[in-house]
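Chain by chain, the residues run as shown.
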Amino acid sequence: MKRFMIKSILLISFLFIGVLIGMQKANEGILEMKGHDGHTLHQPLSVEQNEQGNMEASLLGNEVSSETLSEKKEKLEEMKAFNFFSSIGRAISDFVTSITEKIIQIISSLL
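Thresholds applied
Residues numbered from 1 in each chain as written. Predicted model: local features only at pLDDT ≥ 70, side-chain atom pairs only at ≥ 80, totals over all residues. Heavy atoms only, no water. Helix = DSSP H or I, 4+ residues; strand = E, 2+ residues; numbered from the N terminus. Buried < 20%, exposed > 50% of the residue type's maximum accessible area, 1.4 Å probe, protein only. Areas by Shrake-Rupley, 256 points an atom, 1.4 Å probe, with all protein chains shown as cover. Patch = residues over 30% accessible without salt bridge, like charges linked within 9 Å, V, L, I, M, F, W, Y side chains within 5 Å. Salt bridge = Lys/Arg side-chain N within 4 Å of Asp/Glu carboxyl O. Lys, Arg positive; Asp, Glu negative; His and termini not counted. Charge placed at Lys NZ, Arg CZ, Asp CG, Glu CD.

Participant: Quick question: what am I supposed to make of the overall build of the protein here?
Facilitator: Tallying secondary structure elements over the protein gives 3 helices and 3 strands in all. The helix and strand sequence of the protein, counted from the amino end, reads α-β-β-β-α-α. Burial statistics for the protein: of 111 residues in total, 3% are counted as buried. Just so you have it, the protein exposes about 10800 Å², and 65% of that area is on carbon and sulfur atoms.

Here is the structure:
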């Protein structure tokens, strides 16, 4: 039993030290990245206006237009997509908002 406990404690100690060393290396890497200019890095989201006045957007280098967004919306409507958790979230949000508004009205009427 003693040998098992000693082995377990040594193993946990080595793993803990390994985690600490990994965190230190990650911190050093982040600090090195802060000094980087980043001119070669692209922005993940860019929105620009073209010559005709239309807005153009690119997400991770892929062009996104309003036509593709409307097509995706139509596809979702055709599929009759229903997200149970989204509807529950909306209901809870509406409930909390109404309660908060009522509490604020009661407090303001008392003052």
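Back to the write-up after that little detour.
Participant: What is the right way to read a negative patch on the surface from this model?
Facilitator: Together, Glu 71, Glu 74, Glu 77 and Glu 78 make up a negatively charged patch on the protein surface. Of note, Glu 78 is situated in helix H2 (residues 66–79).

Participant: Honestly, a nonpolar patch on the surface in this entry has me stumped. Any pointers?
Facilitator: A cluster of nonpolar side chains, Phe 84, Phe 85, Ile 88, Ile 92, Phe 95, Val 96, Ile 99, Ile 103, Ile 107 and Leu 111, forms an exposed patch at the surface whose accessible area comes to about 1100 Å². Residue placement: Phe 95 occurs in helix H3 (residues 84–110).

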